[in-house]
Amino acid sequence: MSKEVAIIGGGVIGLCCAFYLQQEGYEVTVIEQGDISSGTSFGNAGYISPSHFIPLASPGIVAKGLRWMLSSSSTFYIKPRLDRSLFQWGIQFWKKANARTVALHMPHLNNILHLSRELTSEIKNVTGNHFRMQEIGCFMLYKNPDTEKHELELAREAAHFGIETKIMSAAEVQAVEPDVQLNIRGGVLYPSDCHLHPGDFMRTLKDHLLQKGVHLKLNTRATGFEKNINTVTGVITDNGKVDCDQLVLATGSWLPVMARQLGIHLLLQAGKGYSITFENIERNLRYPAILVDDRVAMTPMGGDLRMGGTMEISGLDSPLLIKRAQAIFKAARNYYPDLPVSFPAREQIWSGLRPLSPDGLPYIGRHSTCDNLTIAGGHAMLGLSLAAGTGKLVEEIVSGKKTSIDISAFDVERYR
Ligand SMILES: Cc1cc2nc3c(=O)[nH]c(=O)nc-3n(C[C@H](O)[C@H](O)[C@H](O)COP(=O)(O)OP(=O)(O)OC[C@H]3O[C@@H](n4cnc5c(N)ncnc54)[C@H](O)[C@@H]3O)c2cc1C
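Residues numbered from 1 in each chain as written. Predicted model: local features only at pLDDT ≥ 70, side-chain atom pairs only at ≥ 80, totals over all residues. Heavy atoms only, no water.

1. Some thoughts on the site of the ligand
Using the following cut-off: Residue proximity to a molecule or strand is established when one non-hydrogen atom of the residue lies within 4 Å of it. Whenever two N or O atoms come within 3.5 Å, that pair is a polar contact, provided that in protein one can donate a hydrogen and the other can accept it, and provided that, for residues adjacent in sequence, both atoms are side-chain atoms. Computed by Shrake-Rupley with a 1.4 Å probe, the accessible areas treat only the displayed protein chains as cover when residues are assessed. A run of H or I in DSSP counts as a helix once it spans at least four residues, and a run of E counts as a strand once it spans at least two, with each numbered from the N terminus.
Close to the ligand lie 35 residues, the nearest being Glu32, Ser41, Ala380, Met381 and Ser385. The contact in question runs from an oxygen atom of the ligand to an N or O atom on the backbone of valine 12, over 3.3 Å. For the ligand, an oxygen atom lies 2.7 Å from a polar atom in the backbone of serine 385. Taken by itself the ligand offers 1,000 Å² of open surface, and the protein chains cover 94% of this. Secondary structure elements with two or more residues in the shell around the ligand: helix 1 (12-23), helix 2 (40-43), strand 14 (269-278), strand 18 (349-356) and helix 11 (383-399).

Written as structure tokens, this is what we have:
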């Protein structure tokens, strides 16, 4: 088989699509405007989380969002602005944030999370674990009694999906986390979650793809398309044209920008998040943990520690807000009072853009506008968790196979 597939976007989604397409014998070219060394897929918290089976658009989030909107240091911040696509996105987000829709979506999210969790281990077996993957689970830690109640309900819900949980007292968590002091009420461990160093994962994928003969067209921006009636025959870039039999759009938060060139209107907003990484710290956590009251993620990565969080819907080019990183650091200190770290210089604060669909489910599938186009994006807070599964599904779609799971909920035209 010598079918040429062009993938636009060299984030974790684009590279995992390339991984599975190359494995099936396709001639793959990845077009990436950067050089696959930085960006959202590098600085994230590194969780592969089957535990995250509840989509972002869930009951209560709209009321919270409206309250939080008033404070730019809050967990979830929408910068008020006059923007038609933000308004359309907001309306759909509000419509989907109800118990009935969430109940419909959870099994689909759960299916792709499980598929992806298994396949991430499979990728590790193919490439070798050069990305500090540790399969020890992840804690949800809480301080507040209401949060505890909510987390215990979620743990019961998780059992319905066959997800194992372990409810632990503060003393029990402290016993397995002996090197740092904890100031918590308790926690729930999700043993099937795992974590890795996302930058090392990306570098491993990049090296693997190069070794397997995938063409990486780096520092190259896709600017348009060449079409023959309903078929895309080439991608026009600022560095020449790339011919293709099949096209995959995996441009993360820039998905609507590229889709628009094909006459496709996709509802998607960028959700900015921040992280701070401390290298080779003197005492570290043993377990990754989400500090649920403050929505902060703590991830030990070998000798390094990363803390990240916040969701800021403020467009593609908004400036870095130092107080948001300070809020993350403050929360970490509240939970782990003796962490041997201090707030870093501004240059060490990272930010990235989560591609958010209104309902929190990804867009994966064909689009009726073009007969050889597959879209893969909108993975929100779960891009790393869902990347391997998405790559596999995209290969199955391109090959015309029956997909490993039902992908109807990820329909790319569901807001038409
Ligand atoms: C603080 C934070 C913590 C997170 N933690 C986790 C976590 O623990 N677990 C998890 O599963 N997810 C997490 N996420 C989410 C995850 O990082 C994203 O969902 C994921 O990285 C999105 O991958 P992507 O490939 O779709 O997009 P991206 O990584 O943004 O890749 C898209 C690529 O397309 C390229 N591109 C765009 N337009 C063009 C063009 N015209 N031509 C060429 N190239 C183009 C861009 O340069 C970019 O490299 C986190 C995100 C943040 C911000």
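2. Points about the packing of helix 1 against helix 11
Spelled out, the test is: Lines fitted to C-alpha atoms define the axes, with helix axes restricted to the stretch in contact, and inter-axis angles between N-to-C directions lie between 0 and 180 degrees. For classification, angles of less than 35 degrees are called roughly parallel, those exceeding 145 degrees roughly antiparallel, those between 65 and 115 degrees roughly perpendicular, and all remaining angles oblique. Take the far helix as your reference; a near helix turned counterclockwise from it by less than a right angle gives a left-handed crossing, and one turned clockwise gives a right-handed crossing. Contacts were defined at the residue level, with two residues in contact if any of their heavy atoms lie within 4.5 Å. Gly counts as polar in this scheme, as do all residues outside two lists: the nonpolar Ala, Val, Leu, Ile, Met, Phe, Trp, Tyr, Cys and Pro, and the charged Asp, Glu, Lys and Arg.
At a closest axis distance of 7 Å, the pairing of helix 1 and helix 11 adopts a crossing angle of 40°. Relative to helix 11, helix 1 is oriented oblique. Helix 11 is crossed by helix 1, and the crossing has right-handed handedness. Two secondary-structure elements touch here, helix 1 through Val12, Ile13, Cys16, Cys17, Tyr20 and Leu21 and helix 11 through Gly383, Leu384, Ala387, Ala388, Thr390, Gly391, Lys392, Val394, Glu395 and Val398. Here the residues of the contact of helix 1 with helix 11 sort into 11 nonpolar, 3 polar and 2 charged.

3. Points about unusual backbone geometry
Put simply, the rule reads: When accessible area is computed with a 1.4 Å probe and restricted to protein chains, residues below 20% of their type maximum are described as buried, those above 50% as exposed, and intermediate ones as partly exposed.
In this model, asparagine 219 sits at a positive phi of 50°, which is unusual for a non-glycine residue. With respect to the element layout, asparagine 219 can be found in the loop between strand 9 (215-217) and strand 10 (222-228). Given the relative accessible area of 54%, asparagine 219 is considered exposed. Positive phi is not limited to glycine here, since isoleucine 229 has a value of about 50°. Mapped onto the fold, isoleucine 229 is located in the loop between strand 10 and strand 11 (231-237).

4. Focus: the sheet that holds strand 11
This is how the line gets drawn: Paired strands are those between which DSSP finds at least two bridges.
The strand order across the open sheet built from 3 strands is 10-11-12, with neighbouring strands paired in antiparallel fashion. In this open sheet, the two strands that pair with only one neighbour each are strand 10 and strand 12 (240-243). Across this sheet, the average inter-strand angle for adjacent strands is 30°, counted without regard to direction. Where strand 11 meets strand 12, 4 bridges bridge the pair, whose relative direction is antiparallel. By the bridge assignment for strand 12, valine 235 is matched with valine 242.

5. Re the environment of histidine 52
Following the sequence through the fold, histidine 52 ends up in the loop between strand 3 (47-48) and helix 3 (61-68). Setting aside chain neighbours within four positions, we find histidine 52 in contact with Leu109, Leu113, Met140, Ile290 and Leu382.

6. Things to note about the sheet that holds strand 1 (residues 4-8)
One key point about sheets: their strands pair by backbone hydrogen bonds, in either a parallel or an antiparallel sense. The strand order across the open sheet formed by 6 strands is 9-2-1-13-20-19, and the pairing between neighbours is mixed. For this open sheet the edge positions go to strand 9 and strand 19 (363-366), each flanked by a neighbour on one side alone. Between one strand axis and the next, the sheet turns by 15° as a mean value, whatever way the strands run.

7. Topic: the pattern of salt bridges
Worth spelling out the cut-off: Every case where a carboxyl oxygen of Asp or Glu lies within 4 Å of a side-chain nitrogen of Lys or Arg is listed as a salt bridge.
This structure, assessed with the given rule, holds 15 salt bridges. The residue arginine 132 makes a salt bridge to aspartate 200 at a minimum N-O spacing of 2.9 Å. Highlighted residues: arginine 132 in the loop between helix 5 (99-127) and strand 5 (138-142) and aspartate 200 in helix 8 (residues 198-211), separated in sequence by 68 residues. Among the ionic pairs, arginine 185 bridges to glutamate 148, the shortest N-O distance being 2.8 Å. Highlighted residues: arginine 185 in the loop between helix 7 (170-176) and strand 7 (186-190) and glutamate 148 in helix 6 (residues 145-160), separated in sequence by 37 residues. Connected through shared salt-bridge partners, Arg132, Asp200, Arg203 and Asp304 make up one network.

8. Points about the nonpolar core
Our working rule: Buried Ala, Val, Leu, Ile, Met, Phe, Trp, Tyr and Cys residues that are joined via side-chain atoms within 4.5 Å together make up what is termed a nonpolar core.
By size, the foremost hydrophobic cluster in this structure holds 67 residues, and its most contacted members are Ile7 and Leu21. Broken down by element, this core gets its largest block of residues, 9 residues, from helix 1. When near neighbours in sequence (up to four residues on either side) are disregarded, leucine 21 contacts Val5, Ile7, Tyr26, Val28, Val248, Val394, Glu395 and Val398. Counting residues in hydrophobic clusters, the runner-up holds 37 residues, among them Ala57, Ala97, Cys244 and Leu266.

9. Digging into the pairing of strand 5
Here strand 5 lies mainly inside the structure; 5 of its 5 residues are buried. Side chains of strand 5 alternate between two faces, with Cys138, Met140 and Tyr142 and Phe139 and Leu141 buried alike. Direction of pairing for strand 5 relative to strand 7: antiparallel, over a ladder of 5 bridges. Paired with leucine 141 across the two strands is glycine 187, which belongs to strand 7.

10. Re the pairing of strand 17 (residues 304-313)
On a regular strand, one side chain projects to one face of the sheet and the next to the other, so that they alternate. Judged by how many residues are buried, strand 17 sits mostly within the fold: 10 of 10 residues are covered. By the bridge criterion, 3 bridges tie strand 4 (residues 76-78) to strand 17 in an arrangement that is parallel. Looking at strand 17, one finds that phenylalanine 76 is bridged to methionine 311. Across 6 bridges, the pairing between strand 14 and strand 17 is antiparallel. In the strand pairing of strand 17, isoleucine 276 is matched with methionine 307. As judged from the 6 bridges shared by strand 16 (residues 296-301) and strand 17, these two strands associate in the antiparallel manner. Among the inter-strand pairings, threonine 299 is bridged to a residue of strand 17, identified as arginine 306. Turn length for the strand 16-strand 17 hairpin, with the two strands adjacent in sequence and antiparallel, is 2 residues, and the turn residue glycine 302 shows positive phi of about 65°.

Worth remembering: the numbers are spatial, not functional.
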